[in-house]
Each structure stands twice: as structure tokens, then as C-alpha cells.
Amino acid sequence: MPAKTFYLETFGCQMNAHDSEKVSGTLLEKGYTRVETPEEAGLVLYNTCSIRDKAEQKVYHRLQQFRREAGRGKIFGVLGCVAQQEGEKIFERAPHVSLVAGSASYTRLPEMLVELEAGSRRVTGLSLETEETFDTPFARRDNPHRAYITIIEGCDKSCSYCVVPFTRGPERSRSSASVLEEAARLAASGYTDLQLLGQNVNSYRDPSPAGWDFATLLARVAETPGIRRVRFTTSHPRDFVKAIVEAIDDHPVLCDHVHLPVQSGSDRVLERMQRLYTRSEYMCRIEWMKNARRSLAITTDIIVGFPGETGEDFEQTLALLDEVEYDSLFSFKYSPRPNTAAMAMADPVPEEEKTARLATLVEKQRAIQMRKNSALVGSVQEVMVEGRNQAGQWIGRTSQNRVLNFMGGSPAMGAYLPVRVMRAGPNSLAGEAT
Ligand code: SF4
């Protein structure tokens, strides 16, 4: 087995994907080489997600495939949310694993690597007691044009269905100076599209004396010379303030898109979810966005079949879809997770009912998206070129985060150009370069 080679597979959300970029950069900096398959690697890492049971089972399945490699010099490590949640239990279920570390311990990764290299059989990083964020100048970014910047890690909310406060620990914000410095460095290396990341970016609070809030930071990042687009995710409705919409109004570099997870349209369910806002408070935020100077795309997340969700509650969610007319949404069937308050809640919704509700929701949203996308036919949209599809079309993305596939021209990857929308589908647009 070649020494100092690693394979890293990532599951889950954008935060995990970007953590993996930072983990890769740290390993490369320490003299490791990345390889494409676990078979070729001396160190095999899985950066895991525990938001749903399925994602967790997938990791154990992967580990089982390599059980026989134990003792043959290959080192296995589990990172991320499953590592934090399961802790040392992972060693029982998969005895060939040597490293178990949650994201709050990644700052200790270089030390943990030294221990592993020195032959330690079991190394753990499971403490959640940290005030630090995982900052590294060595992140090995996967995309040459769009870069992610973590501005806040962890979460201080306690939504009753969510494992994140348990797996990622309490909120820690980065200093505004280090965020701006990273944005400037990225711009200088050719990135034009930035995405600010955090479990709840709205509760960003600059720990330095400047004490900026999220809206101030957003505006300042948008002023970075060379940056053409800035997005942010994820927002919590309770902390989403009007100043964020005002920053978008004032800075065209801030994309015409806000993702604001609602989870349910029923106050009763929102209360059981401990989401800390009512439907009418949420709608007040939607009104701010609908009154913005530019037309903002609004997207959301919805959970169907939360314990105790009645047919009437679900109808209220469907009515909310009509009221807001989301541009896109992610919908999920509720799945109970360990260490969450909802796990102990009575009144589970039967699986087949959850499936039926999800299908109804998806169908309704599809019709809304079809209608909204059709209204764009004939318009000219600026896209950033992201690639080429199998049909030979260029793949572009609009500021509203719509995929606009198009023909014509020979643009470079990462270029920005105007495209006329000729056709619309529920999930994408098609057009021609003007
Ligand atoms: S805001 Fe709620 S859903 Fe989001 S990460 Fe925190 S606890 Fe989870």
C-alpha cells in the first residue's frame, strides 16, 4: 500500500462537502496524495451525514465492504455527523475503524494524523466544547469558479427533529476580517461566485470588536472586487431580518435568490417542531422579499409526516405553497433521529400516509414551477456557464439559481453571458445564447 495516500467520500449537505475540501487541503498540506478509489488508498475516510437513517446505513455498508482489509495496513476513519453521533460505538460495529472525529474537532486533524501515523489503533475527536471554527488556507476546492466560505459553524436552535446541534455543536462565528480576507484571496485566484455557508447564517455575529451582523457581512463580501455573485445558505426564518433584503436591494452582486426553510405551513406543527416562528411571521419575511426591488426567487425545505401532523395540518402546507409560489423546494418524509426531542413524540404518521402526502406535495409544486418557469420564456437571463450536458448543450445557472441549458456560442467555463429563454420545464429552462 503506498504510504500517505488518502481516499475521501462525502455524504450529505453543502457544509459537509466544503468540510471535505478543507480536510483534503489539510491532508495534501501534510504530504498526502489523493487517490480515486479506496482500494488504492492507505487512509480511507468517510465524511458522513446522519440527517436520515438511510445516509447513516450507507456508511456502515461501505465500511463492511472493507472489513477484511483490517490488519493489512489500511487505516479507516469516520468523520462528520455519524462520527459525532455514534462516537466510540463505531469501533464496536466496525472494529477496523481507527479514527472517529466530529466536525467540531477538525482543527485537531493534523495532531490526530500524527497519532495515526505513529501507529495509534484508536483516535477520537468527539468534544463539542470548542469556540473555534475550522479555518484553513489550504482548502482544496472542487470547482474552479464557485467557492464556498464557512462563516458560522454549529447551531444554537433546538428544532425537535434535528440532530445538528448535537452533531455540530454550538454556534461559532468566524471573524469578519478572516471572511473578507478569504473572499479577496478567492477573487484574486479567479473565483467570481461565492457562497456563504452556515447552519444558520442569519445568526452570524462577528466575534471581533466590529461586531457585524449577517446583513453587514453580506454587503461587505458583495463589495469584494472581482466577485460577480454571492449566495448564502441556510437561513432560519426567526433570525431573517429585513436588513438582509435591503442588502440584496443595494448590491446586485447578491443573487436574486433566498432559501428560507419553512418546514410546515401549520402553526400547530411548527410549534411541535420548535421552529420559533408562526406561519404569519414567516409570511412577513416572504412579503419583504416579494417587495424587493429585483424579483427574488424563493426556495424552501418541507418535512411531511411530522409526528401528529393531521390531514388538516398538511392542507395548510399545501395552501402555503399556493400563497408563496416557491421557485423550488426540497421535500422530505419525516424520519426519526436519535438524540432528538421528536423521537419520543407520540402519534407517528403511518409510512404510507407520509408517502402519499409527499407525492401530493411534489405534484403541486411541480405545477407551480412549470407555471413560474413558463413565465420566463422570451426573457433574457444572465447565466454563469457550469458545464456541458449529454445533449451537447451548455449548462448555465441564473442569478435566481435556475438551470438554463442553452445552445450557441463557445463560451469558456465560468463565463457570464446573456441567454434568451426559449422553452421551460418544471426543473429547468432551455434557450439560446444571444
Ligand atoms: S436551525 Fe433547526 S433545523 Fe437548522 S440546524 Fe439548527 S436545529 Fe437543525
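For the structure, see preceding data.
A brief look at the structure comes next. (Residues numbered from 1 in each chain as written. Predicted model: local features only at pLDDT ≥ 70, side-chain atom pairs only at ≥ 80, totals over all residues. Heavy atoms only, no water.)

1. A closer look at the sheet that holds strand S3 (residues 43–48)
Across a sheet, paired strands are connected by hydrogen bonds in the backbone, their directions being either parallel or antiparallel. Strand order in this open sheet of 6 strands is S2-S1-S3-S4-S5-S6, and the pairing throughout is parallel. Whereas interior strands pair on both sides, the edge strands pair on one side only; in this sheet they are strand S2 (33–34) and strand S6 (123–125). Relative to S3, helix H2 (residues 53–65) is tilted by about 170 degrees, and along the sheet it contacts strand S1 (5–10), S3, strand S4 (75–79) and strand S5 (97–101). Against the sheet, helix H5 (residues 109–117) touches S3, S4, S5 and S6, its axis set at about 170 degrees to S6. (Pairing = 2+ DSSP bridges. Helix = DSSP H or I, 4+ residues; strand = E, 2+ residues; numbered from the N terminus. Contact = heavy atoms within 4.5 Å. Axes fitted to C-alpha atoms, helices over the stretch in contact; angles between N-to-C directions.)

2. Regarding the nonpolar core
Counting 56 residues, the largest nonpolar core has Ile-151 and Phe-232 as the members making the most contacts within it. With residues near it in sequence (within four places) discarded, Phe-232 still touches Gln-195, Leu-196, Val-201, Phe-214, Leu-218, Phe-240, Ile-244, Ile-248 and Val-258. Counting residues in hydrophobic clusters, the runner-up holds 21 residues, among them Cys-49, Leu-63, Phe-66 and Phe-91. (Core = buried A, V, L, I, M, F, W, Y, C linked by side-chain atoms within 4.5 Å. Buried < 20%, exposed > 50% of the residue type's maximum accessible area, 1.4 Å probe, protein only.)

3. Here's the deal with the state of the cysteines
As enumerated under the stated definition, the model contains 0 disulfides in all. As a non-bridged cysteine, Cys-284 has Cys-159 as the owner of its nearest cysteine sulfur, 19 Å distant. Taking relative accessible area as the criterion, Cys-284 reaches 31% and is therefore assigned partly exposed. (Disulfide = S-S within 2.5 Å.)

4. So, the site of the ligand
Around the ligand, the neighbouring residues are Cys-155, Lys-157, Cys-159, Tyr-161, Cys-162, Val-164, Pro-165, Gln-199, His-236 and Arg-275. Residues that form the shell around the ligand fall into these classes: 6 nonpolar, 2 polar and 2 charged. (Near = heavy atom within 4 Å. Nonpolar A, V, L, I, M, F, W, Y, C, P; charged D, E, K, R; others polar.)

5. So, the packing of helix H11 (residues 279–290) against helix H12 (residues 311–324)
Close contact between H11 and H12 brings their axes to 12 Å; oriented N to C, the two are set at 15 degrees. Taken together, H11 and H12 sit at an angle that is classed as roughly parallel. Considering only the axes of H11 and H12, their crossing is right-handed. In this structure, H11 contributes Arg-279, Met-283, Ile-286 and Lys-290 to the contact, and H12 contributes Gln-316, Ala-319, Leu-320, Glu-323 and Val-324. (Parallel < 35°, antiparallel > 145°, perpendicular 65-115°, else oblique. Left-handed = near helix turned anticlockwise from the far one by under 90°.)

6. Quick look at the pattern of salt bridges
The tally for this structure, following the rule as stated, stands at 29 salt bridges. Residue Glu-9 is joined to Arg-62 by a salt bridge in which the shortest nitrogen-to-oxygen separation is 2.5 Å. Note that Glu-9 is positioned in strand S1 and Arg-62 in helix H2, a separation of 53 residues in sequence. Residue class for Glu-9 comes out buried when judged on its relative accessible area of 15%. (Salt bridge = Lys/Arg side-chain N within 4 Å of Asp/Glu carboxyl O.)

7. Digging into H12
Residue pairs spaced three or four apart in an α-helix point in one direction, given the helix's 3.6 residues per turn. For H12, built from 14 residues, the straight-helix expectation of 20 Å at 1.5 Å per residue is met to within 8% by its first-to-last C-alpha distance of 20 Å. Asp-313, Phe-314, Thr-317, Leu-318, Leu-320, Leu-321 and Val-324 are the residues of H12 that are buried. Taken around the axis of H12, the buried residues stretch over an arc of 150 degrees, which confines them to a single face. If you follow the buried residues of H12, they end up packed against helix H10 (267–272), H11, strand S13 (297–304), strand S14 (328–333) and helix H13 (351–374). One or two residues past the end of H12 sits Glu-325, with phi positive at roughly 55 degrees. (Expected span 1.5 Å × (residues − 1). Arc of directions from axis to C-beta.)

8. A look at the sheet that holds strand S16 (residues 394–398)
Taken in spatial order, the 5 strands line up as S15-S16-S17-S19-S18 and close into a barrel, and their pairing is mixed. Along the sheet, successive strands turn relative to each other by an average axial angle of 50 degrees, direction set aside. As defined by bridge partners, strand S18 (residues 416–424) adjoins strand S19 (residues 429–433) across 5 bridges and the pair is classed as antiparallel. Within S19, the residue paired with Ala-424 across the bridge is Leu-429.

9. Some words on the pairing of S13
With 8 of its 8 residues buried, S13 lies for the most part within the structure. In this sheet, S13 lies alongside strand S12 (residues 257–259) in parallel orientation, the contact comprising 3 bridges. Note that in S13 the partner of Val-258 across the bridge is Ile-298. Looking at chain direction, S13 and S14 are connected through 6 bridges and run parallel. Following the sheet pairing, Ile-302 is matched in S14 by Ser-331.

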